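The primary structure of each chain is shown beneath.
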Amino acid sequence: MKEDSNIAVTEKKKTVVQIIDEKTNLKTRVEITDGNDNKKVFYRNRYCHLIAKKGKLYCGEHAVFDPENQERIPCPYDNAHSVVKKDLEKHLERCNSRPKPKDECFVENCNIRDMAALEKTREKTPREELKEMSKEDFDKFVERILNAYNDAFKDYEIPTEILDHEALNERKIETHGGKHAVQQASILGHLAKINSLKKEDVYVEFGAGKGELTYYVRKAVGDPSTYVLIDRRNFRMKFDRENKNKKKGKKENAENNEESSTSIATTPNETSTETVATEDEKSLTIQKRLYMDIKDLCLAKLSLLHHKKLVAVSKHLCGCATDLTLKCLVNYTDTVPNSVKSIFIALCCHQICNYGMYCNPDYLTHYGFNQEDFEKICVLTTWATCGKRVSKSEKTGGGENEKESKADDDDDEEEEEEEEEDDDEEKAKKELLKKSELEEDGNDNPNEPHWSGMSFDDRTVFGRKCKRFLDMGRVQFLRAHGYQNVRLVHYVTQKYSLENCALIVNNME
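None of the values given here were measured: they were computed from a predicted structure.

Q: Any chance you could break down the environment of Thr 322 for me, citing the residues and the numbers?
A: Tracing the backbone through its elements, the reader meets Thr 322 in helix 10 (residues 320-335). With relative accessibility at 0%, the residue Thr 322 sits in the buried group. The spacing of Thr 322 and Met 357 is 35 residues in sequence and 9.3 Å in space, taken between C-alpha atoms. Beyond its immediate stretch of four places on either side in the chain, Thr 322 contacts Leu 317, Ile 345, Leu 347 and Arg 474.

Q: Tell me about helix 12 (residues 371-380), and name the residues and values.
A: Helix 12 sits mainly inside the fold: 9 of its 10 residues count as buried. All of the buried residues in helix 12 are Gln 371, Asp 373, Phe 374, Glu 375, Lys 376, Ile 377, Cys 378, Val 379 and Leu 380. Buried residues along helix 12 sit against helix 2 (115-119), helix 3 (126-132), helix 4 (135-152), helix 11 (361-366) and helix 16 (456-480). With a side-chain oxygen lying 3.2 Å from the backbone nitrogen of Glu 372, the N-terminal cap of helix 12 falls on Asn 370.

Q: Tell me what's going on with the packing of helix 4 against helix 12, and back it up with residues and numbers.
A: Remark: helix 4 packs on helix 12, axes separated minimally by 12 Å, with the N-to-C direction vectors making an angle of 90 degrees. When the axis of helix 4 is compared with that of helix 12, the two are roughly perpendicular. Contacts between helix 4 and helix 12 pair Phe 138, Phe 141, Arg 144 and Ile 145 from the former with Asp 373, Lys 376, Ile 377 and Leu 380 from the latter. Looking at side-chain class alone, the contact of helix 4 with helix 12 contains 5 nonpolar, no polar and 3 charged residues.

Cut-off values and rules
Residues numbered from 1 in each chain as written. Predicted model: local features only at pLDDT ≥ 70, side-chain atom pairs only at ≥ 80, totals over all residues. Heavy atoms only, no water. Helix = DSSP H or I, 4+ residues; strand = E, 2+ residues; numbered from the N terminus. Buried < 20%, exposed > 50% of the residue type's maximum accessible area, 1.4 Å probe, protein only. Contact = heavy atoms within 4.5 Å. Polar contact = N/O pair within 3.5 Å; in protein donor to acceptor, adjacent residues only side chain to side chain. Axes fitted to C-alpha atoms, helices over the stretch in contact; angles between N-to-C directions. Parallel < 35°, antiparallel > 145°, perpendicular 65-115°, else oblique. Nonpolar A, V, L, I, M, F, W, Y, C, P; charged D, E, K, R; others polar.

This is the structure:
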């Protein structure tokens, strides 16, 4: 962290300092309050509970705020924590934030289609340009999109196929049919339908997060099997630990269960967490984690995939990450033909797609859209998921309405328990993005006239069509590169996710 030059001093012996994270450029207000014996630092909605040494004003962790500090300095690798000066050299050797050696499959920017398009800048945002368009020009632009959508889907209607799988039965009971469990059950059901839950295949989860989807895939597939989890962020890996504890549970039930247990040990290296067999090689189950951006992933160099079929999975792969994944898979099959068995990607967040990464620019050109048009379409996709905001008076109405509101609140609490946990910075980013988009779009109250002149329901329908139009470009991209049985499917209802469309490929039919 570095201290901003502007320091505001408030009354009652309270100092407010602005901290800037040099990695994310996020600014955070930190309050330093005088206590009886030492100063307390208020950061990330909580006070530091550590006690300062005798004669010191700050605890060791926050000594960097002390103007007279000469002992501790921010870590050069990650200024979110500090280190004693004399121990700096030793700390840098073992710091968890130290730069890591590149993995065998790292090839910088190998999946980015157009670097020049990424570097292109504009004076105004696409949203601002949309709002400044005349009513006539905006209506013409909407008509162009609708005509392109109708042509792209003239011979295709997206089916709704909600499937289930027994591997999620227990989880659905625990969460009372929670939305994540229902989505995962349908994902596994679709994989089973296309014969893609086999032990001999390698399962690659893109945007793996905590590894929850891989956990249930492994529960459905069984041991021995092989998994690769890819994410550029270092998560808590809660479900990685569940996988490692699987052996322990099997051993405890060995008397009642004659199935062989998988022997797993953790062998961490500088770039991944990998589970390997320590006993009988026949019981080998491997789980490898790659901490890297998909844009740099070259699957042809990943030794775990040699002479095996790949099954690619992902639950809600955001925006351009989907395009990078598809480009990554196509690059792989161009190098190693017939190596991808199947794909299941639950699509989402089209508003953060990027023209330089979008996999099928020829598709856009065919319909007369350039980079500026593409970026505007991405903005319009937000209308599909903005949602109506219910007022407090509507929520707390008397009689039956009050009971229904309470039931809805209970459901929300259950869903919150099931939600994937983000760190404080990630939550702050999401809230900031959501708030800024609502303010710019002027859509906080759906009953008020909108700048587009379209009703709330019309905008929602149109936003979904914008999403599907971009998704059809992805479908055609895969088909053009030899992938078979590529289709879009609504794998759950909108009750469980507004982003309920998935891209499915079955190369083995």
